[in-house]
Amino acid sequence: MDRPRIGDWRGYEELRRIQDTHLEGALRAAQRSPFYRARGGDVPTNRAELGETALTTKRDLRDAYPFGMLAVDRAELATYHESSGSSGAPASAYYTEGDWLDLTERFVRKSVGIQPSDMFLVRTPYSLMLTAHLAHAAARMCGATVVPADNRSLAMPYSRVVRVLRDLDVTLTWSLPTDALLWAAAAALAGHRTDRDFPALRALYVAGEPLSPARRDRIAALWGAPVVEDYGATEAGSLAGACPHGRLHLWADRAIFEVHDPRTGRTAPDGRGQLVVTPLFREAMPLLRYNIEDEVEVAYGTCGCGWWLPTIRVLGRTAFDCDTGGVPLTQIGLEEVVFGLPADYGVLFWRARAGRTHLRVEIEVADRHRAPAVTALAAAIGRTYGIEAEVVPVPPGGLVPVSLLTATADVMKPRGLFREDEDWDKALRYY
């Protein structure tokens, strides 16, 4: 199956024709899905009918666990995955070898590309989620050397990550944005300067949480390397990536995207609301109008990159939004304000609690910057939101313990036989 490449179209009309051409195959695949057959009514056969089809929800995926969405024989599967399970219930995702070609091709669409000479540190979970496996496969496809660091393993504490970054001359990393800040703090405690002592680093790939421009710029300044954002989900793979101009573009040649307004029930090709996706090259698990439930802003327009793909701003999960005094608050909005503080104040870690009438924000800040940081942040929140905030400074280590950043690995293989002076309470445990 020939999949589109960036540059195969010039303008949004050509992009739409590409979508319509490949939508036929996506709808045929959906006809093989027991989930869509059981829904009642006919599976759509064109874009107009697709627009009248009910959204597929996260609840649908959870109810179909484990193989209720499977549209091929199990013998054709290459991998099985589950989402992070923040709801407490698993949602399955599965891919064929053909699906994996599409997944990896989308992931490598980076403004700073993966080269055979790269040493690529993968610092997202090697678990049932897709993220680390996708980065690993994409890097190997490009001939790079993979450093499988994980971020759920007790054998890979932050101190070891810093050592590996430096000793192996790591050139690319893949992690949560927050992880890059934690590495910087761990490196400082180890006596390193991130902007000087890691000269091989070419770029930091990040995904997995909303990222404000201010925090992205702070991470880039700390490490002296560009921060390249990706956006996706275990159920759908990479859905968007950053172009050379730093704008996040949806891979609209590989999927049809819509924006859903949960208040009215209407969908549109752009605007603000929840992102809905119909993948065009999915064999094992076709999805029709799948609502990811992330709050986004989608826009069509021109960009200096010339990709002719819509742009997206990822604002976070709708369920995590809060309000104080009737004023809506989002994490990414508050993050932009916090990281708008002067970099000299050294504020990397914060948290906020939104009450009905009161917003409390805590920031880690050294004593010498405490007073100006508190004053500046309270004023900035007032200007941005029109509310008074209680800004509480905590000393370094108050939010992220120093022991977390400096600890070394304490991992042992299961044992049954111990000497008299050893702690045998660790028998049969892998930690």
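Here, every reference points to the structure presented above.
What counts and how
- Throughout, residues of each chain are indexed from 1 in the direction in which the sequence is written.
- Thresholds applied to this predicted model are a pLDDT of at least 70 for local features of residues and 80 or more for the giving and counting of side-chain atom pairs; totals over whole chains, interfaces and linings are not thresholded and use all residues.
- The side-chain values count all of the structure's non-hydrogen atoms but skip hydrogen atoms and water molecules.
- To qualify as a helix, a DSSP run of H or I must reach at least 4 residues; to qualify as a strand, a run of E must reach at least 2; elements of each kind are numbered from the N terminus.
- Only C-alpha atoms enter the radius of gyration, while the globule expectation follows 2.2 Å times N to the 0.38, with N the number of residues.
- Residue contacts follow a heavy-atom distance rule, with two residues in contact if any of their heavy atoms lie within 4.5 Å.
- Method for areas: the Shrake-Rupley scheme with a 1.4 Å probe, in which residue coverage is limited to the protein chains shown.
- A positive count includes Lys and Arg, and a negative count includes Asp and Glu. His and the chain ends are not counted in either.
- By convention, charge coordinates are those of NZ in Lys, CZ in Arg, CG in Asp, or CD in Glu.
- All axes here are fitted lines through C-alpha atoms, helices being fitted over the stretch that makes contact, and every angle between N-to-C directions spans 0 to 180 degrees.
- Orientation is classified from the angle alone, with under 35 degrees giving roughly parallel, over 145 giving roughly antiparallel, 65 to 115 giving roughly perpendicular, and any other angle giving oblique.
- Each crossing gets its handedness from the near helix: less than a right angle anticlockwise from the far helix is left-handed, clockwise is right-handed.
- In this description, strands pair whenever DSSP reports at least two bridges between them.
- The criterion is simple. A nonpolar core is a set of buried Ala, Val, Leu, Ile, Met, Phe, Trp, Tyr and Cys residues joined through side-chain atoms within 4.5 Å.
- Type-normalised accessible area, obtained with a 1.4 Å probe on protein chains alone, sets the label of each residue: buried when under 20%, exposed when over 50%, and partly exposed for intermediate values.
- Pairs of N or O atoms are called polar contacts if they sit within 3.5 Å, as long as, within protein, a hydrogen donor faces a hydrogen acceptor (for residues adjacent in sequence, only side-chain-to-side-chain pairs).
- Along the arc lie the directions from the helix axis toward the C-beta atoms.
- Here, expected helix span is obtained from the residue count minus one, scaled by 1.5 Å.

Draft legend 1. Quick look at the overall build of the protein chain. When its secondary structure is counted, the protein chain shows twelve helices and 19 strands. Computed over C-alpha atoms, the radius of gyration of the protein chain comes to 23 Å, within 12% of the 22 Å expected from 2.2 N^0.38 for 431 residues, which places it in the range of a compact globule. Its C-alpha atoms put the protein chain at 65 × 65 × 40 Å along the principal axes. Of all intrachain contacts in the protein chain linking residues separated by at least 6 positions in sequence, the fraction that spans at least 24 positions is 64%. Approximately 20,200 Å² of the protein chain is accessible, and the part contributed by carbon and sulfur atoms is 51%. Positive and negative side-chain charges of the protein chain, numbering 50 and 55 respectively, have mean locations separated by a distance of 1 Å.

Draft legend 2. Geometry of the packing of helix 10 (residues 331-338) against helix 11 (residues 370-385). For the pair helix 10 and helix 11, interaxial distance at closest approach is 9 Å and the crossing angle is 135°. Considered as vectors, helix 10 and helix 11 are oriented oblique to each other. You can see that helix 10 and helix 11 cross each other, and the crossing is right-handed. Where helix 10 approaches helix 11, its residues Gly333, Leu334, Val337 and Val338 are matched on the opposing element by Leu377, Ala380, Ile381, Thr384 and Tyr385.

Draft legend 3. The arrangement of unusual backbone geometry in detail. Cis geometry is adopted by the peptide bond preceding proline 66, which originates at tyrosine 65 and carries an omega value of -5°. Tracing the sequence through the fold places proline 66 in the loop between helix 4 (58-63) and strand 1 (77-82). Even without being a glycine, aspartate 150 presents a positive backbone phi close to 60°. Mapped onto the elements of the fold, aspartate 150 is located in the loop between strand 4 (145-148) and helix 7 (158-167). One non-glycine residue with positive phi stands out, namely glutamate 293, at about 75°. Within the secondary structure, glutamate 293 is located in strand 13 (residues 290-299).

Draft legend 4. Focus on the sheet that holds strand 18 (residues 359-364). Strand order across the open sheet formed by three strands is 17-18-19, with mixed pairing between neighbours. Bordering the open sheet on either side are strand 17 (350-354) and strand 19 (389-394), each of which pairs with just one other strand. Sheet twist, expressed as the mean angle between neighbouring strand axes with direction ignored, is 15°. Contacting strand 17 and strand 18, helix 10 runs over the sheet at an angle of about 130° to strand 17. Each of strand 18 and strand 19 touches helix 11; the most contacted strand, strand 19, lies at about 155° to it.

Draft legend 5. Highlighting the nonpolar core. Grouped together as the largest cluster of nonpolar side chains are 73 residues, with contacts concentrated most on Met69, Tyr205, Tyr231, Leu275 and Ile312. The greatest single-element share of this core, amounting to six residues, is contributed by helix 1 (residues 12-31). Aside from chain neighbours lying at most four places away, what touches tyrosine 231 is Gly237, Ser238, Leu239, Ala240, Leu248, Leu275, Ile292, Asp294, Val296, Ile312 and Val314. In terms of nonpolar packing, the next biggest core, distinct from the first, is built from 56 residues, Leu165, Val170, Val337 and Ile381 among them.

Draft legend 6. Highlighting the side chain of glutamine 274. Looking at the secondary structure, you find glutamine 274 in strand 12 (residues 271-279). One polar contact links glutamine 274 to asparagine 291, side chain to side chain, over a distance of 2.9 Å.

Draft legend 7. Spotlight on helix 7. Residues of helix 7 that are buried: Tyr158, Val161, Val162, Val164 and Leu165. The arc that holds the buried residues of helix 7, viewed along the axis, is 165°, so those residues lie on one side. On its buried face, helix 7 is in contact with strand 3 (119-122), strand 4, strand 5 (172-175), helix 8 (177-189), helix 9 (213-223) and helix 12 (402-406).

Draft legend 8. How the structure looks around the environment of phenylalanine 281. With respect to the helices and strands, phenylalanine 281 occurs in the loop between strand 12 and strand 13. Take phenylalanine 281: its relative accessible area is 5%, and that puts it in the buried class. Separated by 183 residues in the primary sequence, phenylalanine 281 and glycine 98 place their C-alpha atoms 8.5 Å from one another.

Draft legend 9. Geometry of helix 1. Along its 20 residues, helix 1 runs 28 Å from first to last C-alpha, staying within 8% of the 28 Å computed at 1.5 Å per residue. Among the residues of helix 1, Leu15, Ile18, Gln19, His22, Leu23, Ala26, Leu27, Ala29 and Ala30 are the ones counted as buried. Tucked inside the fold, the buried residues of helix 1 contact helix 2 (34-38), helix 3 (47-51), strand 10 (255-260) and strand 12.

The quantities given are spatial measurements derived from coordinates; they are silent on function.
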